[in-house]
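Listed here are the chains, written in short residue letters.
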Amino acid sequence: GAGVSQSPRYKVAKRGQDVALRCDPISGHVSLFWYQQALGQGPEFLTYFQNEAQLDKSGLPSDRFFAERPEGSVSTLKIQRTQQEDSAVYLCASSFQAGYEQYFGPGTRLTVT
Amino acid sequence: AQSVTQLDSQVPVFEEAPVELRCNYSSSVSVYLFWYVQYPNQGLQLLLKYLSGSTLVESINGFEAEFNKSQTSFHLRKPSVHISDTAEYFCAVTRYNQGGKLIFGQGTELSVKP
């Protein structure tokens, strides 16, 4: 398909485990965003890439969170030593360029037990 | 810092009735404004956006929103809702020079009943 895809769609992790969440943006989209959506809340910004450069990581809640986009296409959000408060839906979005409309993926629902 | 406030967490309404979902934002600089919709078990979809120009913007499915700079509001309206409009609606804002990072409100759950 032509949309943003994310995998896995659901992830259950035991507290303390590391997880990796993948995002495939729309082909040709320069900008890529990660958001975290807790239950009953609006999405909250985590980090932003333009091509392979991470231009803003001000929303990452702790140094356990790490994101990369090494070739300017696929991105991975890694969470180390997961905690219960990390349970949320993680959304990825891409846009043609900065400031253009963002297209969202279906999200990865992470549950930490 | 910017923030977005959606004044109603839930809005129940009967089919064919009008509806208004309220959104206020705070920002010291010029912004772009958006409404996103999230249908049950689906991802976020852009409903409409205000970038510049006419302060009244419309979507293809009958929703409209009006940018009011003096009241820092961007309320979403529809004159007659359908059952299929049942969804979560999010208002969002971004600053001109922030690369597009969106600040979202907490969402309003619109529930349309027959």
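Read on for a plain summary of the structure. (Residues numbered from 1 in each chain as written. Chains lettered and ligands numbered in written order. Predicted model: local features only at pLDDT ≥ 70, side-chain atom pairs only at ≥ 80, totals over all residues. Heavy atoms only, no water.)

1. A look at the overall build of chain B
Then, number 1: Across its full length, chain B carries zero helices and 12 strands.
Then, number 2: The helix and strand sequence of chain B, counted from the amino end, reads β-β-β-β-β-β-β-β-β-β-β-β.
Then, number 3: The globule rule puts the C-alpha radius of gyration for 114 residues at 13 Å, and the 14 Å found for chain B is close to it.
Then, number 4: When the backbone C-alpha atoms are referred to their principal axes, chain B occupies close to 45 × 30 × 25 Å. (Helix = DSSP H or I, 4+ residues; strand = E, 2+ residues; numbered from the N terminus. Rg over C-alpha atoms; globule rule 2.2 N^0.38 Å.)

2. Some thoughts on the overall build of chain A
Then, number 1: Secondary structure summary: chain A contains zero helices and 11 strands in total.
Then, number 2: Helices and strands appear in chain A in the N-to-C order β-β-β-β-β-β-β-β-β-β-β.
Then, number 3: The C-alpha atoms of chain A give a radius of gyration of 13 Å, which matches the 13 Å a tight globule of 113 residues would have.
Then, number 4: Taking the principal axes of its C-alpha atoms as reference, chain A extends roughly 35 × 25 × 25 Å.
Then, number 5: When contacts within chain A are restricted to residue pairs at least 6 apart in sequence, those whose partners lie at least 24 apart make up 53%.
Then, number 6: Accessible surface computed for chain A: about 5,600 Å², of which carbon and sulfur atoms make up 46%.
Then, number 7: Side chains of chain A carry 11 positive and 11 negative charges; the gap between the two charge centres is 8 Å. (Contact = heavy atoms within 4.5 Å. Areas by Shrake-Rupley, 256 points an atom, 1.4 Å probe, with all protein chains shown as cover. Lys, Arg positive; Asp, Glu negative; His and termini not counted. Charge placed at Lys NZ, Arg CZ, Asp CG, Glu CD.)

3. Overview of the packing of aromatic side chains
Then, number 1: Summed over all chains, the structure comprises 14 aromatic pairs over all chains.
Then, number 2: Residues Phe33(A) and Tyr35(A) carry aromatic rings whose centres are separated by 6.3 Å and whose planes lie at 25 degrees to one another, so their mutual orientation is stacked.
Then, number 3: Of the residues examined, Tyr35(A) reaches a relative accessible area of 0% and is grouped as buried.
Then, number 4: Judged by centre distance (5.5 Å) and plane angle (45 degrees), the ring pair of Phe63(B) and Tyr89(B) falls under tilted. A residue pair is termed long-range when its members are at least 10 positions apart, and Phe63(B) in the loop between strand S7 (56-58) and strand S8 (64-68) and Tyr89(B) in strand S10 (residues 87-95) qualify at 26 residues.
Then, number 5: Tyr89(B) gets classed as buried once you look at its relative accessible area, which sits at 0%. (Phe/Tyr/Trp six-rings, centres within 6.5 Å; stacked < 30°, edge-to-face > 60°. Buried < 20%, exposed > 50% of the residue type's maximum accessible area, 1.4 Å probe, protein only.)

4. Looking at the state of the cysteines
Then, number 1: The full count for this structure, using the stated rule, is two disulfides over all chains.
Then, number 2: The disulfide partner of Cys23(A) is Cys92(A), and the S-S distance across this bridge is 1.8 Å. Taking the sign of the S-S torsion, -65 degrees for the link of Cys23(A) and Cys92(A), the bridge is left-handed. On the criterion of sequence distance, the pair formed by Cys23(A) in strand S3 (residues 19-24) and Cys92(A) in strand S9 (residues 88-95) is long-range, its members being 69 residues apart.
Then, number 3: For Cys23(A), a relative accessible area of 0% corresponds to the buried category.
Then, number 4: A disulfide bridge connects Cys23(B) with Cys91(B), and the sulfur atoms are separated by 2.0 Å. Its S-S torsion of approximately -65 degrees makes the covalent link between Cys23(B) and Cys91(B) left-handed. Separated by 68 residues along the polypeptide, Cys23(B) in strand S4 (residues 23-26) and Cys91(B) in strand S10 bring together distant segments of the chain. (Disulfide = S-S within 2.5 Å.)

5. Some points on the environment of Leu91(A)
Then, number 1: With respect to the element layout, Leu91(A) can be found in strand S9.
Then, number 2: Overall, Leu91(A) belongs to the buried group, its relative accessible area being 1%.
Then, number 3: Between the C-alpha atoms of Leu91(A) and Lys14(A), which are 77 residues apart in sequence, the distance is 21 Å.
Then, number 4: Excluding its chain neighbours within four sequence positions, the residues that come into contact with Leu91(A) are Gln6(A), Phe33(A), Trp34(A), Tyr35(A), Gln37(A), Pro43(A), Phe104(A), Gly105(A), Pro106(A), Gly107(A) and Leu44(B).

6. Thoughts on unusual backbone geometry
Residue and element names in this part refer to chain A.
Then, number 1: In this structure, the amide linkage connecting Ser7 to the following residue, Pro8, adopts the cis form with an omega of -10 degrees.
Then, number 2: Inspection of the secondary structure puts Pro8 in the loop between strand S1 (5-7) and strand S2 (10-13).
Then, number 3: In this structure, Asn51 takes a positive phi of about 55 degrees despite not being glycine.
Then, number 4: Take Asn51: it is sitting in the loop between strand S5 (44-50) and strand S6 (53-56).
Then, number 5: Asn51 gets classed as partly exposed once you look at its relative accessible area, which sits at 36%.

7. Structural notes on the interface of chain A and chain B
Then, number 1: The interface of chain A with chain B comprises 18 residues on the first partner and 14 residues on the second.
Then, number 2: At the boundary of chain A with chain B, total buried surface from both sides reaches about 1,400 Å², with 56% on carbon and sulfur atoms.
Then, number 3: On the chain A side of the interface with chain B, the three residues burying the most area are Pro43(A), Glu101(A) and Phe104(A), jointly 32% of the side's total.
Then, number 4: Of all the elements in the fold, those that place two or more residues in the side of chain A that touches chain B are strand S4 (31-37) and S5 of chain A.
Then, number 5: When residues in the side of chain A that touches chain B are grouped by element, the largest group, three residues, is from S4(A).
Then, number 6: Among the residues making up the side of chain A that touches chain B, the classes are represented as eight nonpolar, eight polar and two charged. (Buried area = accessible area lost by both parts, 1.4 Å probe. Nonpolar A, V, L, I, M, F, W, Y, C, P; charged D, E, K, R; others polar.)

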